[in-house]
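The residues making up each chain are set out below.
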Amino acid sequence: MGKRIKWVMHLRGWLIRVGMRAQSLFLILGFILIIIGISLLVMAFIKQGVTQSIYSINYSSPSYLLLSNWNNLSIYISTGYPIPKPQLNGEHSLPPSIITLYYGNYGLLNMNITLYGTGPTKSAYLTLNNTVVIQETSGETTIVLPPNSTSLAIIQVSNKPVSIRAFVGGHVNYEIENDTVILNTTPIIKLTSTVRPSVTWVDGFTVVEVELTNGSLIVTLGNEKPPSINELMMEDYVGVKTVLSEARKPGLGGLLLQEYYLSLLLLLDNQNPVTGEFVASPEPVYFYSWVRDSSFSAMALQDAGLYKYAMKYWLWMCSAQNSTGTWYTRYNFWDGKPDTTFGIPEYDSIGLFQMGVWGFYEDTGNRSFLASVLPCIEKSIAWEATEIPKNGGLIPKDLSIWEDNYAYNFWTQAVDDLGLYDTARIYEALGMNNTGVLNLANELHGAIMHYFYSRGFISQALTTTTLFTPNGSVTELVPNGIPDSSVILPIALGLINPRSSVAESTVNFIISKLMVKGGLARFPGDYYHYTEYLYDSSGPDPPWIITTLFLALYYEDIGNYTGAYELMTWCVEHSQHGLLPEALDPNTLEPLPTTSPLTWSAAMYVIAALNYRGPQNPGFSGFILLLVSLALVSLAVLLLVVYGRQGVKRASGFPRYS
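Let us look at the structure shown here. The numbers attached to residues start from 1 for each chain and follow its sequence in the written order. Local features are withheld for residues below a pLDDT of 70 in this predicted model, meaning they are given only at 70 or higher, and side-chain atom pairs are given and counted only at 80 or more; totals for whole chains, interfaces and linings count all residues. Side-chain numbers come from the whole structure's heavy atoms, not from hydrogens or water.

### Some details on the packing of aromatic side chains
Each Phe, Tyr or Trp ring (for Trp, its six-membered ring) is paired with any other whose centre lies within 6.5 Å, and the angle between the two planes then decides the class: stacked below 30 degrees, edge-to-face above 60, tilted in between. Tallied over the full model, the rule gives 38 aromatic pairs. With a centroid separation of 5.8 Å and 55° between ring planes, the pair formed by Tyr174 and Trp201 is classed as tilted. Taken as a pair, Tyr174 in strand S10 (residues 174–177) and Trp201 in strand S13 (residues 198–202) lie far apart in primary sequence, 27 residues in all. You can call Trp201 partly exposed: its relative accessible area is 41%. The rings of Phe278, Tyr313, Trp314, Trp316, Trp327, Tyr328, Tyr331 and Phe353 are connected pair by pair, giving a single aromatic cluster. For a lysine, the NZ atom is tested; for an arginine, the CZ atom; a charge sits over a ring if that atom is within 6 Å of the ring centre and within 35 degrees of the ring normal. Sitting over the face of the ring of Tyr116, Arg165 holds its NZ or CZ atom 4.2 Å from the ring centroid. Here a helix means four or more residues in a row that DSSP labels H or I, a strand means two or more in a row labelled E, and each is numbered from the N terminus. Each residue is assigned to one of three classes by its accessible area relative to the maximum for its type, calculated with a 1.4 Å probe on protein chains only: buried under 20%, partly exposed between the two thresholds, exposed over 50%.

Here it is in C-alpha cells:
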C-alpha cells in the first residue's frame, strides 16, 4: 500500500513538472506570437499606406511639364517649382506659366501666359485626369487641356488676387464681347474669363490681363465658340477616360496600377502631337527628341494598345532617316529637324526601328503600314550588310546608350542583332526571301558571343590589346571587363536564353557590382550627375530608373515576379508624385531634378508593367497580413491568459508534499 502511494506521488510530481514545463513553453510561445503578430500588423498598415495614392509620394516636384491634346496642340508649362543650382545647370527659375504653345500647322505661336502673385510653388504634379496641378503658398492653379480640344483653361483658387497675363507678340487688333477678348491673329485667339479682361500694349506685346481669386481663364484657338469651364472639365474627363479605357490593363493593382496609367499619360503628353517624336524630358537640358528614348516610348504605347500614337512615331522616324540608312542621335522636338551639332553616331536606332516596326505589325497585322516603311527597313539592312563584314562581324563603333564611350558597345551590337532577327520576320510576313538577313543576324550574333563574354559575364564594350609574337605584334579586340546594367535589357528581350548560365552569371555579377540602395547604377564610377555637366547628385553612381526596370523585365522573364514587383514598387516610391525621374541621389534616394520626369523611364515602366504575370501583390497583401496578424495576436493573448491563469492556480492551490 505504501509503495503504491509513493508511486502515485512520484507520478503526480512528474506530471506537475511536465505541466509546468509545458506551461512555460506555451507562455514563451505566446510572447513570441504576440511579437510576430504586432510586427505583421505594422507591416499591414505600411502596405496599406503604400497603396493609397500616388500623390502621397512627396519628393521634390518637376519644374517643367508638357500637356497635349494628343492631336494638334501642345503646351509647355513652368510650374514655378524651385530649380536647385539653376545657373550651374544652365537653367533659370520661372513663375508658374505656359511658356510655349504649339498648334498644328501654325507651329509655335508667338504667345505665352504668366501668373503673378501666386507666391512660391510648394509642389506640382500631373493628375490621372491629365491636368497639371500647381500648389502655391497662396492657393492652387490647375491647367486643363482636354484631348482633341483647341481650348485650354487656367483655374485659379487663391486667398489673394492673382494676375494672369497673356502676352501676344505685336500690336494686335482686338474686340471684346462680354467677358471674351478676341485677338485677330493667325490663328484667332479668344480669351474668356470669369472677370472682364483688360488689354494693353507693352514693349511690343499685346497683353490681355485678368485678376482672379477664384475663377478661370479659358484660351480658345481658332473660330470655335469658347466652352464654359464646366463643359471643358467634362470634355477632359470623358476624353482622358476614353483613351485610358482603350489601353491594355496590366495585372497590377493599387499604387503600381496608378503609376501605369500616369506613365501612359506622360508618354502621350510628351509626344509631339503632329510630328510624332517624343521629348526626352520637359527639363530644358533634355528638351530634345532622342531616337533611342522615343523608340522605347512608341514601343510602350503599342504594347499598351494605343497604336495610332505609336504609328505616328514610326512614320516620322522613317521620314527622318538619312540616305545612308542611319539616323541622327537627336532631333528638335518642335519641328523634327536633326540636331546636327550632336554629330557622333549612335547606331542602335537601326535595330530599334526594326524591332518597333515588327512589334507594331505583330500586334496589329497592318500590312499597309508594313509596306509603307519597308523602303526604310531595306535601306537600314543595306547599311548593315555593308558595315558588318567590314568590322569583323560587328556593327561599327558608336557612342551607344550612355554616350560616353566610343567603342564596339554591347548595347548597340545586341539591339541591332535583335532588329535583324525581327527584320527576318518582317520579310517572312511579306513573303520575301529572308535568308540573307538571317545570315547577317547569325554572323553578328556569333561575333557578339565570341567577343563580349569572358570571365563569367558579358562586358560593356570591347577594347584593343596588343599581342607580341615572333612574327610581330597583333592587335585584338577583348572585353573591357566593365559591368554595365544596359547589358541586361537585350538579354531580357531575347538575345540569349535568360535562364542560360551566360545570362544568369552576367546578371548576378552586375547586381553584385551595381546595386545601390535597391536600384541599379549604370556602371562603376558613373559621375554624370555628380561632376560631369549635371551637378544635382551628392555622390557618384546614382541608381537609374530605366536600369532598375531592365532588371525587373529580366526577373519577369525568368518567373521571379516577387523581385520584379519589388523593383517596380521601388521605382514608384522614389518618384515625383508618380512622375519617374532619370536617376536618384545615391545617398538620399531623392529624384535628381535636372532630368525629371524622364520619358524613357515612363516607357520602361509601362513595358515592365504589361509584361508582369505574377500576383497583384506577391506574398501577403496588406489585407491578408492584417488578418494573419490579428489571428496571431488573438492566439497569443489566449495562450498567455490560459496558461498564465493556470500558473497562478498552481502557485496557490497545489498541495505540498514533504
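### Details of helix H7 (residues 367–390)
For an α-helix, the turn length of 3.6 residues means that residues three or four places apart are oriented alike. Take the residue count of a helix, subtract one, and multiply by 1.5 Å to get its expected span. Under the 1.5 Å per step criterion, the end-to-end length of H7 is 34 Å for 24 residues, consistent within 8% with the ideal 34 Å. To get the bend at a residue, fit one axis to the 7 residues ending there and another to the 7 starting there, then take the angle between the axes. At Val373, H7 shows its largest bend, some 45°, and a proline, Pro375, comes one to four positions later. All of the buried residues along H7 are Phe369, Leu370, Val373, Leu374, Cys376, Ile377, Ser380, Ile381, Trp383, Glu384, Glu387 and Ile388. The secondary structure elements touched by the buried residues of H7 are helix H5 (307–319), helix H6 (348–364), helix H8 (410–429) and helix H9 (435–451). Positive phi appears at Gly392, one or two residues downstream of H7, with a value of about 65°. Contacts: residue pairs with any heavy atoms within 4.5 Å of one another.

### So, the pattern of salt bridges
What makes a salt bridge here is a side-chain nitrogen of Lys or Arg within 4 Å of a carboxyl oxygen of Asp or Glu, nothing more. Here the structure, examined in full by the defined rule, presents eight salt bridges. Linking Glu403 and Arg292 is a salt bridge whose minimum nitrogen-to-oxygen distance equals 3.1 Å. With a gap of 111 residues between them, Glu403 in the loop between H7 and H8 and Arg292 in helix H4 (residues 291–303) connect regions that are remote in the sequence. A relative accessible area of 24% means that Glu403 is categorised as partly exposed. On the accessibility criterion, Arg292 (4% relative accessible area) is buried. Across the pair Asp422 and Arg425 runs a salt bridge whose closest N-O atoms are separated by 2.6 Å. Of the two residues, Asp422 and Arg425 are both situated in helix H8; the distance of three residues between them amounts to about one turn of the helix. The exposure class assigned to Asp422 is buried, which follows from its relative accessible area of 12%. For Arg425, a relative accessible area of 38% translates into the label partly exposed.

### Structural notes on H6
Given a rise of 1.5 Å per residue, 17 residues ought to cover 24 Å, and the 24 Å separating the end C-alpha atoms of H6 matches this to within 8%. In terms of residue burial, H6 counts as a mostly covered element, since 14 of its 17 residues are buried. After H6 finishes, the residue Gly365 shows a positive phi value of roughly 65°.

### Quick word on the environment of Ser400
Mapped onto the fold, Ser400 is located in the loop between H7 and H8. Overall, Ser400 belongs to the buried group, its relative accessible area being 2%. The spatial distance from the C-alpha of Ser400 to the C-alpha of Thr412 is 5.8 Å, given a sequence separation of twelve residues. If sequence neighbours within four positions are ignored, Ser400 has contacts with Arg292, Glu346, Asn409, Trp411 and Thr412.

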